[in-house]
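# Structural overview
Listed below, chain by chain, are the residues.
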Amino acid sequence: MNTPQMPGKLIVFEGTDGTGKTTQRDLLGRYLLAKGYPVIITKEPTDGPYGMKIRELYRHRSRFSREEELELFLADRRQHVKNLLLPSLMEGKIILCDRYYFSTAAYQGALGLDPEIILAQNDFAPEPHLVLLFQASLDIGLKRITAGRGETLNNFEQREFLEKVATIFSAIKRPFIRNIDASGTMEDIHRQVVGCVSDLLQPLRTASPD
Ligand code: TYD
């Protein structure tokens, strides 16, 4: 869905697990808030009823077929779009969203569903103004998950699966996707993120001086 008539901006953080998206989303949120922008921080899967069901997948993935899994992510997104994303865009908010429909194309695509069909099934969801695609070698990502967070890998995070996910992410071409080299330090990655976002927010800042 196109969103030209809405005053807000939708900025999405995408990439495989352990690339530091969530940390960078929160850093950018604080940076923009300090500059006076009206920021909304959110994520998918959400904390709503479908999001909770999706978290069940981590534990009992085999109980869901891939089609059922896809349906859950789509249902969660429909609620997110209706309850938060569209109203916030109408109100002129800057939404920072951790994962969106590119994750569905990449992750459920890696299960064997067609990524292009998945993208088309997300036509109900507003097109983002900017997608930051976090890219780091899987070694770095997996190490961050196991060592950094002290977690064991869940089913979503198996190496072979994540290789497929990364390949699909890289194959999606849209004019609003920017690649972020997520192999460096936190500060280095933050600078890249701010660089991409400044281009997008420039007109907004001159329109409402602080
Ligand atoms: P993640 O951002 O890792 O959430 P958290 O760190 O809070 O557990 O997302 C959870 C997993 O869900 C992640 O491995 C990617 C997967 N996912 C999909 O498979 N499809 C989707 O459409 C989305 C949004 C996420």
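All of these numbers come straight from a predicted model, not from anything done at the bench.

### Things to note about the overall build of the protein chain
On a plain count of helices and strands, the protein chain comes out with eight helices and five strands. Written out in order from the N terminus, the α and β elements of the protein chain read β-α-β-α-α-β-α-α-β-α-α-β-α. Seen through its principal axes, the protein chain has C-alpha atoms that stretch 55 × 35 × 30 Å. A separation threshold of at least 6 residues defines the contact pool for the protein chain, and within that pool the share at least 24 residues apart is 80%.

### Quick word on helix α2 (residues 49–60)
Its 12 residues give α2 an end-to-end C-alpha distance of 17 Å, which sits within 8% of 16 Å, the value for a rise of 1.5 Å per residue. Inspection of α2 places Gly-51, Ile-54 and Leu-57 among the buried residues, and these make up the whole buried set. One side of α2 holds all its buried residues, which, seen down the axis, span an arc of 85 degrees. Counted as exposed and oriented over 90 degrees from the buried face of α2: Pro-49, Met-52 and Arg-59.

### Re helix α7 (residues 159–171)
Under the 1.5 Å per step criterion, the end-to-end length of α7 is 19 Å for 13 residues, consistent within 8% with the ideal 18 Å. Within the sequence span of α7, burial applies to Phe-161, Leu-162, Val-165, Ile-168 and Phe-169. Down the axis of α7, the buried set is contained in an arc of 120 degrees. They therefore lie on one face. Away from the buried face of α7 by more than 90 degrees, exposed residues Glu-160, Thr-167 and Ala-171 are located.

### What to know about the sheet that holds strand β2 (residues 39–43)
Taken in spatial order, the five strands make up an open sheet running β2-β3-β1-β4-β5, and their pairing is parallel. Every other strand in the sheet has two partners, leaving β2 and β5 (177–181) as the edge strands with one partner each. Going from strand to strand, the sheet's axes swing by 20 degrees on average, the running direction of each strand aside.

### Observations concerning the site of the ligand
Around the ligand, a shell composed of 12 residues is seen, among which Asp-17, Tyr-58, Arg-99, Thr-104 and Gln-108 lie nearest. One of the side-chain nitrogen or oxygen atoms of Arg-77 is found 3.3 Å away from an oxygen atom of the ligand. Here Arg-99 contributes a side-chain N or O atom positioned 2.9 Å from an oxygen atom of the ligand. In the complex, the protein chains occlude 84% of the 550 Å² of accessible area that the ligand would expose alone. More than half of the atoms of the ligand fall within 2 Å of the grid points belonging to the largest pocket.

Thresholds, definitions, all that
- Residues numbered from 1 in each chain as written.
- Predicted model: local features only at pLDDT ≥ 70, side-chain atom pairs only at ≥ 80, totals over all residues.
- Heavy atoms only, no water.
- Helix = DSSP H or I, 4+ residues; strand = E, 2+ residues; numbered from the N terminus.
- Contact = heavy atoms within 4.5 Å.
- Expected span 1.5 Å × (residues − 1).
- Buried < 20%, exposed > 50% of the residue type's maximum accessible area, 1.4 Å probe, protein only.
- Arc of directions from axis to C-beta.
- Pairing = 2+ DSSP bridges.
- Axes fitted to C-alpha atoms, helices over the stretch in contact; angles between N-to-C directions.
- Near = heavy atom within 4 Å.
- Polar contact = N/O pair within 3.5 Å; in protein donor to acceptor, adjacent residues only side chain to side chain.
- Areas by Shrake-Rupley, 256 points an atom, 1.4 Å probe, with all protein chains shown as cover.
- 1 Å grid on protein atoms, 1.4 Å probe; cavity = no way out; pocket = protein on both sides within 12 Å on 5 of 7 lines; lining within 4 Å.
- Sits in = over half its atoms within 2 Å of the grid points.

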